[in-house]
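As a plain string of letters, each chain reads:
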Amino acid sequence: FITTVAVVTLGSFLMRPVYRATATLLIDVESPNILTTSGSFALESQNYYAYKDYLQTQIEIITSRPIIRQVINELKLMDLKAYARAKDPVQSLQKVIKVEPVRDTRLVKLYVDNKDPKLAADIINSVAANYVRRNLIYISKSEFLNLMKNEYLKLQSKLSEYEKVYKEEHPEMIRLRKEISELVEKLENEKEVISTYGAQENANR
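Residues numbered from 1 in each chain as written. Predicted model: local features only at pLDDT ≥ 70, side-chain atom pairs only at ≥ 80, totals over all residues. Heavy atoms only, no water.

Explain helix H3 (residues 65-75) to me, using residue names and the numbers behind them.
When H3 is considered as a whole, its buried residues turn out to be Arg-65, Pro-66, Ile-67, Ile-68, Val-71 and Ile-72. Trailing H3 by a residue or two, Lys-76 shows a phi angle of about 55°, which is positive. (Buried < 20%, exposed > 50% of the residue type's maximum accessible area, 1.4 Å probe, protein only. Helix = DSSP H or I, 4+ residues; strand = E, 2+ residues; numbered from the N terminus.)

Shown next, in the form of C-alpha cells:
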C-alpha cells in the first residue's frame, strides 16, 4: 500500500499540467438584401433551421484545412517535433482544436489543451483571428457585388427613361448601353471570383 501511494504521489509531482486556452466567437448572419431600383430592403430574420445549417457550416470552416494551414504557417508549428514528424500536420492540429456551440445562443466556444500554456493561447487566438479575417474578405467581396448589382439596376432604370426620349442610334443611348455592358462583364467576373473562392475552400477542407 505504501509503495503504491508513493508511486502515485511521485507520478503526480512529475506529471506536467495540461493547460486549456479558450475563445468565444459570435456566429451571426445578416439578413440578405433585396435589390430594387429605388434602393434595398432587408428580408425578415432567417428561421431557426436555416441558421442551424449556417452555424454548422461556420463550425466546419473554423477548423477547415485552409485556416489550420495558415495557423501552422503563422506560428511556425513545423519547427516543433510533434508536427514536423506528423504525416499530416494539418490533421494533427485539427484533432486538438475543439469547437462547441453554446446552447440557445449564437456563440461557439473554441478550446485547445496543451502542456505549453503560451502555445495553447497562440493556437486558439490564431484560429479565431484567421476565421474572422476569412469572413471579412468574403463579406467585402459580397458587398462589392451588391453595390454593382444596385448600380446595374439604376442604369437599367435610366435606360428605360432614355428609351422614351432617344432613338437607338442616339449617342446617349449608345454610351449608356456600353456602360451597362461593361458593368455586366464586371459582375460576371466578380461572381466567378466569389464562386472560385468558395470552391477552393470546400476542396481544401
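After that view, the rundown keeps rolling.
How would you explain the packing of H3 against helix H6 (residues 117-163) if you had to name every residue and give the values?
Close contact between H3 and H6 brings their axes to 9 Å; oriented N to C, the two are set at 130°. Considered as vectors, H3 and H6 are oriented oblique to each other. In the crossing of H3 with H6, the sense of the turn from one axis to the other is right-handed. Between H3, through Ile-67, Ile-68, Gln-70, Val-71, Glu-74 and Leu-75, and H6, the contact on the second element is made entirely by Asp-122, Ile-123, Ser-126, Val-127, Asn-130, Tyr-131 and Arg-133. Its residues assigned to classes, the contact of H3 with H6 shows 7 nonpolar, 3 polar and 3 charged. (Axes fitted to C-alpha atoms, helices over the stretch in contact; angles between N-to-C directions. Parallel < 35°, antiparallel > 145°, perpendicular 65-115°, else oblique. Left-handed = near helix turned anticlockwise from the far one by under 90°. Contact = heavy atoms within 4.5 Å. Nonpolar A, V, L, I, M, F, W, Y, C, P; charged D, E, K, R; others polar.)

Summarise the nonpolar core; cite the residues concerned and give the values.
Core analysis: the largest hydrophobic core is formed by 29 residues, its most contacted members being Leu-93, Val-108 and Leu-110. When residues of this core are traced back to their parent elements, those giving at least two are strand E1 (19-26), helix H2 (48-62), H3, helix H5 (89-96), strand E4 (97-101), strand E5 (107-114) and H6. In this view, Leu-93 contacts Ile-68, Val-71, Ile-72, Leu-77, Tyr-83 and Ile-123; residues no more than four positions away in its chain are not counted. Listed in part, the 10 residues of the second largest apolar core include Leu-155, Met-173, Ile-180 and Leu-187. (Core = buried A, V, L, I, M, F, W, Y, C linked by side-chain atoms within 4.5 Å.)

Describe in detail the sheet that holds E4, supporting the description with residues and values.
Ordered in space as E1-E5-E4, the 3 strands form an open sheet in which the pairing is antiparallel. Looking at the sheet topology across the chains shown, the edges are occupied by E1 and E4. Ignoring strand direction, the axes of neighbouring strands in this sheet form an average angle of 20°. With 5 bridges joining them, E4 and E5 adopt antiparallel strand pairing. Each residue of the ladder has a partner; that of Glu-100, found in E5, is Lys-109. Contacts from H5 reach E4 and E5 within the one sheet, and its direction differs from that of E4 by about 45°. Across the sheet, H6 is in contact with E1, E4 and E5; its angle to E1 comes to roughly 15°. (Pairing = 2+ DSSP bridges.)

Could you give an account of the packing of aromatic side chains, with specific residues and numbers?
Describing an aromatic ring pair means giving the distance of the ring centres and the angle of the ring planes. Counted under the stated rule, the structure contains 1 aromatic pair. On the numbers, 5.2 Å between centres and 85° between planes, the contact of Tyr-162 with Tyr-166 is edge-to-face. A relative accessible area of 16% means that Tyr-162 is categorised as buried. Accessibility expressed as a relative area gives 28% for Tyr-166, which makes it partly exposed. The residue whose ring lies beneath Arg-134 is Tyr-138, and the NZ or CZ to ring-centre distance is 5.3 Å. (Phe/Tyr/Trp six-rings, centres within 6.5 Å; stacked < 30°, edge-to-face > 60°. Lys NZ or Arg CZ within 6 Å of the ring centre and 35° of its normal.)

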